[in-house]
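The chain contents come next:
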Amino acid sequence: MKIIYCTHSTYNPGGMERVLYNKVKYFSEQMHWDVTVVTTDQHNRLPFYPFPESVRMIDLGINYSEDNVKRTFGKIYGYLKKRKKHRRLLEKLLMQEKADIVVSLYPSESSFIPYIKDGSRKVLEIHYCKFFRLQYGRKGLLGAIDKWRTWQDERIVRRFDKFVVLTNEDRGYWGNLPNIEVIPNAAMFVADRYSDVSVKRVIAVGRLDYQKGFDRLIQAWEIVNKSGKYDDWRLDIFGQGDWKDMLQGMIDKKGLNGSAFINKPTKNIGDEYADSSMLVMSSNYEGFPMVMIEAMACGLPVVAFDFKCGPKDIIRNEVNGLIIHNGDIKALADGIMKLMEDTENRKRMSLNARKIVDTYSEKAVMEKWIGLFNNLTAK
């Protein structure tokens, strides 16, 4: 089978990039399928994860992200101009390749790719919840565009042969679509050992931007720090992004330099999980938090806001983690301290967290994808 994945880029150490890497590696090495990854904004950078040599990597050089620094009308004009180029180049490529399946990971091609008549089946795979565009709460023209695009999303997803979401929660938001299917991400064991939850360290992982909400985590950590009970604990945030200086400024201003640290991304994140006692997720929104299930597979209980989407599907409250009302900073701090002060409770939740691989095993998840692709090409 010949599959083409379309995405923004592969140079970031993010969850979506890791999921893509895991899937194409499985298809290439286990199924011996012909897999190509097509990007728009690679900027000649190497992929963060070691994609197999058999997987072709093609960048179209559209570079949508170059317009991020422009003002509103500049962004709109630049996007429309580049999308026209994107459609022309992608259509030329797909007509040449004649793939069996073309998968859009919901970048800009999702609006036009169903109309490219290259003979392939088109699949839309969304790694965010339905309302991700509205989570920023932007005002004015950009806010109006966000609302319009959210409305447009409901029309776009119907044009694909299959529309794949990551959680049952998100499926409920989209309504009774005839082409919708839920396929979660797999819980990959990324370490060679489990955490024994004895190391007095809290870990958080993700891009340093609005989505991950690390500003909310730092506010909660200030409450933990001011309690005076947990001076021997530390918070380590692993990530990179536009908010790095702002977040470091918060840490400095609040006097948390001795207990809260921002670290560069690492390819050995499993070792960091194993040397921690809990994961905290303060995100404003997610699609299906890869970090959460990876950390749980390594034995970490999770304290997380009940953001859209993921926690309601993954966490069993008080069993393998704690679910906190979204935005309640004090409750997030209380949840962190609750696990800090009760070692036996942490150990109990740790053992339960490991069981996440029973529900989200790689084999079970990949069988869903293989079945979906086989059914589409058989029609």
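Up top is the structure.
Residues numbered from 1 in each chain as written. Predicted model: local features only at pLDDT ≥ 70, side-chain atom pairs only at ≥ 80, totals over all residues. Heavy atoms only, no water.

S.K.: Residues and numbers for the overall build of the chain, please.
M.R.: Along its length, the chain carries 13 helices and 13 strands. By principal-axis analysis of the C-alpha atoms, the chain measures approximately 65 × 45 × 40 Å. Across the 379 residues of the chain, 55% fall into the buried class. Counted over contacts in the chain with a minimum sequence separation of 6, partners at least 24 positions apart contribute 68%. Entry remark: accessible area of the chain is about 16900 Å², with carbon and sulfur atoms responsible for 48%. Averaged over its 59 positive side-chain charges, the chain has a centre that lies 6 Å from the centre of its 48 negative ones. (Helix = DSSP H or I, 4+ residues; strand = E, 2+ residues; numbered from the N terminus. Buried < 20%, exposed > 50% of the residue type's maximum accessible area, 1.4 Å probe, protein only. Contact = heavy atoms within 4.5 Å. Areas by Shrake-Rupley, 256 points an atom, 1.4 Å probe, with all protein chains shown as cover. Lys, Arg positive; Asp, Glu negative; His and termini not counted. Charge placed at Lys NZ, Arg CZ, Asp CG, Glu CD.)

S.K.: Report on helix H5 (residues 214–226), specifying residues and quantitative values.
M.R.: When the terminal C-alpha atoms of H5 are compared, their 18 Å separation across 13 residues agrees well with the 18 Å that a helix rising 1.5 Å per residue should span. Restricting attention to buried positions, one finds in H5 the residues Phe-214, Asp-215, Arg-216, Leu-217, Ile-218, Ala-220, Trp-221, Glu-222 and Val-224. Looking one or two residues beyond H5, the residue adopting positive phi is Gly-228, at roughly 75°. (Expected span 1.5 Å × (residues − 1).)

S.K.: Hey, could you go over the packing of helix H10 (residues 329–341) against helix H11 (residues 343–354) for me, with residue numbers and the actual values?
M.R.: Contact geometry of H10 with H11 gives a least axis separation of 5 Å together with a crossing angle of 100°. Looking at the two axes, H10 sits roughly perpendicular to H11. Contacts between H10 and H11 pair Leu-339, Met-340 and Glu-341 from the former with Thr-343, Asn-345, Arg-346 and Met-349 from the latter. Residue composition of the contact of H10 with H11, grouped by class: 3 nonpolar, 2 polar and 2 charged. (Axes fitted to C-alpha atoms, helices over the stretch in contact; angles between N-to-C directions. Parallel < 35°, antiparallel > 145°, perpendicular 65-115°, else oblique. Nonpolar A, V, L, I, M, F, W, Y, C, P; charged D, E, K, R; others polar.)

S.K.: How would you summarise the state of the cysteines if you had to cite specific residues and measurements?
M.R.: Following the criterion strictly, the structure yields 0 disulfides and no others. Cysteine Cys-309 is unpaired, with the sulfur of Cys-129 as its nearest cysteine sulfur at 4.6 Å. (Disulfide = S-S within 2.5 Å.)

S.K.: How would you explain the sheet that holds strand E10 (residues 260–263) if you had to name every residue and give the values?
M.R.: A sheet is described by the order of its strands in space; here 6 strands give the open sequence E10-E9-E8-E11-E12-E13, paired in parallel fashion. Only two strands of the sheet have a single neighbouring strand rather than two, namely E10 and strand E13 (321–324). The mean inter-strand angle of the sheet, taken between neighbouring strand axes irrespective of direction, is 20°. Strand direction decides the pairing type here: strand E8 (residues 201–205) and strand E11 (residues 278–281), joined by 2 bridges, are parallel. Note on E11: the bridge partner recorded for Ile-203 is Leu-279. Contacts from H5 reach E8, strand E9 (234–238), E10, E11 and strand E12 (302–305), with the element oriented near 175° to E9. Contacting E8, E11 and E12, helix H8 (residues 290–297) crosses the sheet at an angle of about 170° to E11. (Pairing = 2+ DSSP bridges.)

S.K.: Describe the pattern of salt bridges, listing the residues and the values that go with them.
M.R.: Applying the stated criterion across every chain yields a total of 22 salt bridges. Residue Glu-29 is joined to Lys-25 by a salt bridge in which the shortest nitrogen-to-oxygen separation is 3.1 Å. Of the two residues, Glu-29 and Lys-25 are both situated in helix H1 (residues 15–29); the distance of 4 residues between them amounts to about one turn of the helix. For Lys-25, a relative accessible area of 30% corresponds to the partly exposed category. Across the pair Glu-66 and Lys-82 runs a salt bridge, and its minimum N-O distance is 3.3 Å. Of this pair, Glu-66 sits in the loop between strand E3 (56–59) and helix H2 (72–97) while Lys-82 sits in helix H2, placing them 16 residues apart in sequence. Classification of Glu-66 as partly exposed rests on a relative accessible area of 44%. What makes Lys-82 buried here is its relative accessible area of 14%. Via salt bridges that share partners, Arg-201, Arg-234, Asp-236 and Glu-272 belong to a single interconnected network. (Salt bridge = Lys/Arg side-chain N within 4 Å of Asp/Glu carboxyl O.)

S.K.: Could you give an account of the nonpolar core, with specific residues and numbers?
M.R.: In terms of nonpolar packing, the biggest core is built from 91 residues, with Tyr-5, Phe-27, Trp-221, Met-292, Ile-336, Met-340 and Phe-373 touching the most fellow members. Leave out the neighbours within four places in its chain, and Met-292 touches Leu-279, Met-281, Val-302, Ala-304, Phe-307, Pro-311, Ile-314 and Ile-315. Counting residues in each nonpolar core, the second largest holds 30 residues, with Leu-90, Val-102, Cys-129 and Val-182 among its members. (Core = buried A, V, L, I, M, F, W, Y, C linked by side-chain atoms within 4.5 Å.)

S.K.: I'd like a rundown of the packing of H2 against helix H3 (residues 140–156), residues and numbers included.
M.R.: Axis separation between H2 and H3 bottoms out at 10 Å; the angle between their running directions is 35°. Taking contact as the criterion, the partners of Thr-72, Phe-73, Ile-76 and Tyr-79 in H2 are, on H3, Leu-141, Leu-142, Ile-145 and Arg-149. Broken down by class, the residue content of the contact of H2 with H3 amounts to 6 nonpolar, 1 polar and 1 charged.

S.K.: If you had to explain the sheet that holds E3 to someone new, which residues and values would you point to?
M.R.: Spatially, the 7 strands line up as an open sheet ordered E3-E2-E1-E4-E5-E6-E7, and their pairing is parallel. Either end of the sheet is taken by a strand with one partner, and the two such strands are E3 and strand E7 (180–182). Strand after strand, the sheet turns through a mean of 25° between neighbouring axes, direction not considered. Direction of pairing for strand E2 (residues 34–39) relative to E3: parallel, over a ladder of 4 bridges. Within E3, the residue paired with Val-37 across the bridge is Met-57. Of the strands in this sheet, strand E1 (2–7), E2 and strand E5 (121–125) touch H1, which is tilted by about 170° from E1. Packed onto the sheet, helix H13 (residues 362–378) meets E1, strand E4 (101–104), E5, strand E6 (162–165) and E7 and runs at close to 150° relative to E5.

S.K.: Lay out the side chain of Ser-28 with the relevant residues and their values.
M.R.: Tracing the backbone through its elements, the reader meets Ser-28 in helix H1. Looking at Ser-28, the relative accessible area reads 8%, which means it is buried.

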